[in-house]
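So the chains spell out like this:
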Amino acid sequence: MENDKKTSEGEWKEKLTPEQYDVCRLKDTERAFTGKFVNHHENGMYTCVACGNELFSSDAKFDSGTGWPSFDDAANQKNIELHEDTSHGMTRTEVLCKNCGAHLGHLFNDGPTETGMRYCINSVALDFRKND
């Protein structure tokens, strides 16, 4: 299924847990402060849970106090897609994995670092690969 946006919904349901499917494929959001990476501080690379695409370095992670892992930049801008999201009566910027189209979270321009960006990402949409 790697490198394939043509994977069927049935295949995604088999590959992902129900919560991962709801977030990554149905654009749901995990509850704040419940994700495994909210208070995670190891050095390494956060990857897409659906396809393994490298998304965010631990060097870009910061504590936003919002209840979701937050990053001030993507590891490689070519690995993500940004789309306007007007759901729920708001206008936001949705963050997707460019490789497989998985919904990751949203991007806001209220970050505290020099980038001014806050990638607010669902833990359930991520895996982590620790640095050696």
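Everything quoted here is computed from the prediction, not taken from an experiment.

Counting its regular elements, the protein chain contains two helices and nine strands. Mapped in sequence order, the helices and strands of the protein chain form the string α-α-β-β-β-β-β-β-β-β-β. A compact globule built from 132 residues would reach a C-alpha radius of gyration of about 14 Å, and the protein chain, at 14 Å, matches this within 12%. For the protein chain, the C-alpha atoms occupy an extent of roughly 45 × 40 × 30 Å along the three principal directions.

Within the open sheet, the six strands sit side by side as β3-β4-β8-β7-β6-β5. Their pairing is antiparallel. Looking at the sheet topology across the chains shown, the edges are occupied by β3 (61-62) and β5 (80-85).

All right, on to the packing of aromatic side chains then. Two aromatic rings are characterised by how far apart their centres lie and by the angle between their planes. All told, the structure shown has six aromatic pairs when counted by the stated rule. Centroid distance Tyr46 to Phe71: 5.1 Å. Interplanar angle 65°. Geometry classified as edge-to-face. Note that Tyr46 is positioned in strand β1 (residues 44-48) and Phe71 in strand β4 (residues 70-71), a separation of 25 residues in sequence. Note on accessibility: Tyr46 and Phe71 belong to one class, buried. Ring geometry for Phe56 versus Phe71: centroids 4.5 Å apart, planes at 15°, classification stacked. A residue pair is termed long-range when its members are at least 10 positions apart, and Phe56 in strand β2 (residues 54-57) and Phe71 in strand β4 qualify at 15 residues. A relative accessible area of 0% means that Phe71 is categorised as buried. Ring pairs connect the aromatic residues Phe37, Tyr46, Phe56, Phe71, Tyr119 and Phe128, which therefore count as one cluster.

Taken as a whole and judged by the stated rule, the model has six salt bridges. Here Arg129 makes a salt bridge to Glu54, at a shortest N to O gap of 2.2 Å. Remark: Glu54 occurs in strand β2 and Arg129 occurs in strand β9 (residues 126-130); sequence separation between them is 75 residues. Of the residues examined, Glu54 reaches a relative accessible area of 34% and is grouped as partly exposed.

A general trend in soluble globular proteins is that nonpolar side chains are found buried together. In terms of nonpolar packing, the biggest core is built from 29 residues, with Cys48, Phe56, Phe71, Cys100, Tyr119 and Ile121 touching the most fellow members. Secondary-structure elements contributing two or more residues to this core are α2 (18-24), β1, β2, β6 (92-97), β7 (103-108), β8 (118-121) and β9. Examining the composition of this core, we find that three residues originate from one element, α2, more than from any other. Beyond its immediate sequence surroundings of up to four residues, Tyr119 is in contact with Phe56, Pro69, Ser70, Phe71, Asp72, Asp73, Ala74, Gln77, Ile80, Val95, His106 and Leu107.

Calculation criteria
- Residues numbered from 1 in each chain as written.
- Predicted model: local features only at pLDDT ≥ 70, side-chain atom pairs only at ≥ 80, totals over all residues.
- Heavy atoms only, no water.
- Helix = DSSP H or I, 4+ residues; strand = E, 2+ residues; numbered from the N terminus.
- Rg over C-alpha atoms; globule rule 2.2 N^0.38 Å.
- Pairing = 2+ DSSP bridges.
- Phe/Tyr/Trp six-rings, centres within 6.5 Å; stacked < 30°, edge-to-face > 60°.
- Buried < 20%, exposed > 50% of the residue type's maximum accessible area, 1.4 Å probe, protein only.
- Salt bridge = Lys/Arg side-chain N within 4 Å of Asp/Glu carboxyl O.
- Core = buried A, V, L, I, M, F, W, Y, C linked by side-chain atoms within 4.5 Å.
- Contact = heavy atoms within 4.5 Å.

Take it as geometry only, folks, not as evidence of what the structure does.
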